[in-house]
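Observations on the three-dimensional arrangement
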Amino acid sequence: LIQLAIPLNFIGFVYREIRQGLTDIEQMFDLLEVEQEVQDKPGAVELAVADGAISFKDVHFAYDPARPILKGISFEVPAGKTVAVVGPSGAGKSTLSRLLYRFYDVQEGAITIDGQDVRDVTQKSLRKVIGMVPQDTVLFNDTIAYNIRYGRPGASDEEVTAAAEAAQIGTFIRHLPDGFKAMVGERGLKLSGGEKQRVAIARTILKSPPILILDEATSALDTRTEQEIQAALDVVSKNRTTLVIAHRLSTVISADEIIVLKDGVIAERGTHGELMQRDDGLYASMWNRQREAVQAEERLKQVRESD
Ligand code: ADP
Ligand code: MG
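Figured I'd write up the structure that's included with this text. (Residues numbered from 1 in each chain as written. Chains lettered and ligands numbered in written order. Predicted model: local features only at pLDDT ≥ 70, side-chain atom pairs only at ≥ 80, totals over all residues. Heavy atoms only, no water.)

Digging into the sheet that holds strand 10 (residues 265–270)
Short version of the rule: Strand pairing is defined by DSSP finding a minimum of two bridges between the two strands. Working definition: helices are DSSP H or I runs of at least four residues, strands are E runs of at least two. Numbering for both runs from the N terminus. Lines fitted to C-alpha atoms define the axes here, with helix axes fitted over just the stretch in contact, and angles between the N-to-C directions of these axes take values from 0 to 180 degrees. Note on definitions: a residue-residue contact is assigned when non-hydrogen atoms from the two residues lie within 4.5 Å.
One open sheet holds the 6 strands; their spatial order is 6-7-8-3-9-10, and the pairing between them is mixed. The open sheet has two edge strands, strand 6 (130–133) and strand 10, and neither has a second partner. Shown here is a sheet whose adjacent strand axes are inclined to one another by a mean of 15°, direction ignored. As paired elements, strand 9 (residues 257–262) and strand 10 share 5 bridges and run antiparallel to each other. Considered in strand 10, the bridge of valine 260 is made with glutamate 268. Here helix 3 (residues 93–100) sits on the sheet and contacts strand 3 (82–86), strand 6, strand 7 (211–215), strand 8 (241–245) and strand 9; the angle it forms with strand 8, its principal contact strand, is near 145°. The sheet strands contacting helix 8 (residues 193–207) are strand 6 and strand 7, and the helix crosses strand 6 at an angle near 170°.

If you want it as structure tokens, here you go:
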């Protein structure tokens, strides 16, 4: 009986979320990992977005009370600006995005969008204004056009094609035997991590939300793919309030502010230029290491090509 009860409970949970206007498949998968359901407050109002300015004020959070993850995090993402969060694995970077999207609630402090506490508004209205490009995009077992159109189900074929082009995946799709009608997902064409991420970006371009959360893939991409993804992200994040969990040098360099998260607190913050000037800084040492790795990779490639 217990074995049966759990999946049924899950199904009910997922169904309720779908009924509430779930718009992203990623969202559904993330929800499945969430044990505790965050509920709308009685009388929750619709979030009214003017510019989409985000504020984290003294945010404390722990999944398990015995192990605090965030210990008093305060920062702002001004309307239309990009803030990059960097730091060691397990520092709580993705947790920030989960709290903003309200998969969980903060335990102390507050997160606001244009001055409205995310706990006071309906989850549906909150999630409508946020576009999430996760680390790992899960695709539907359907056509590539369907997977892109999911961002805005009423979009025309022309709009789907334009979004794919803007996301730097148009050429790739046009070279597939079935083009936009090609089946993808587990039972179709297997796309690489970078290709799936560009499908997610195309979807987000169609959704056109005022606020963006990007959780960049940690795995090293080759330089060309990185440049293509960066070009796609530049299109989608232009004039939108963007919180990016950044692993790529190219993203971080152009961010308006960089937050270095470590041991639950903000260890360093500033622009790339400011942080690189601190010779003994955490950020400077992180990027010097990454730069050396990239240079080593390029040297290796030159050696291979000259063979
Ligand atoms: P980052 O994105 O910086 O690598 P996360 O925000 O994903 O880190 O996770 C921060 C910490 O919280 C990690 O130690 C992780 O193991 C833990 N954690 C993440 N999700 C959960 C969860 N659902 N339940 C318990 N602990 C979690
Ligand atoms: Mg993460």
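Details of unusual backbone geometry
What counts is decided by this rule: Note on classification: 1.4 Å probe, protein chains only; a residue is buried when its accessible area is under 20% of the maximum for its type, exposed when over 50%, partly exposed between these limits.
Residues other than glycine seldom take positive phi values, yet aspartate 58 does so here, at roughly 45°. Mapping aspartate 58 onto the fold places it in strand 1 (residues 54–61). The exposure class assigned to aspartate 58 is partly exposed, which follows from its relative accessible area of 39%. Even without glycine at this site, aspartate 263 takes up a positive phi of about 50°. Residue placement: aspartate 263 occurs in the loop between strand 9 and strand 10.

Re the sheet that holds strand 4 (residues 108–113)
The 4 strands are arranged 2-1-4-5 in an open sheet whose pairing can be described as antiparallel. Bordering the open sheet on either side are strand 2 (70–77) and strand 5 (116–117), each of which pairs with just one other strand. Pairing analysis gives 6 bridges linking strand 1 to strand 2, with the strands arranged antiparallel. If you follow isoleucine 54 over to strand 2, its bridge partner there is valine 77. Sheet strands in contact with helix 3 are strand 1, strand 2 and strand 4, and its direction is about 115° off that of strand 1.

Considering the pattern of salt bridges
Formally: Salt bridge criterion: a side-chain nitrogen from Lys or Arg within 4 Å of a carboxyl oxygen from Asp or Glu.
Under the criterion given, the structure shown has 8 salt bridges. For the salt bridge of aspartate 157 with arginine 149, the shortest nitrogen-to-oxygen distance reads 2.6 Å. The closest approach of N and O atoms between arginine 152 and glutamate 159, which form a salt bridge, is 3.7 Å. Owing to a relative accessible area of 34%, glutamate 159 belongs among the partly exposed residues under this scheme.

Brief notes about the site of ligand 1
The condition that has to hold: Proximity is defined per residue: if any heavy atom of the residue lies within 4 Å of a molecule or strand, that residue is considered near it. Computed with the Shrake-Rupley method and a 1.4 Å probe, the accessible areas treat only the protein chains shown as cover for residues. Note that Gly is not counted as nonpolar here; it falls among the polar residues with everything else outside the nonpolar set of Ala, Val, Leu, Ile, Met, Phe, Trp, Tyr, Cys and Pro and the charged set of Asp, Glu, Lys and Arg.
Around ligand 1 sit 13 residues, and of these Arg67, Gly90, Lys93, Ser94 and Thr95 come closest. Protein burial of ligand 1: of its 560 Å² of free accessible surface, 68% is covered by the chains. Grouping the amino acids of the shell around ligand 1 by side-chain chemistry returns 5 nonpolar, 5 polar and 3 charged.

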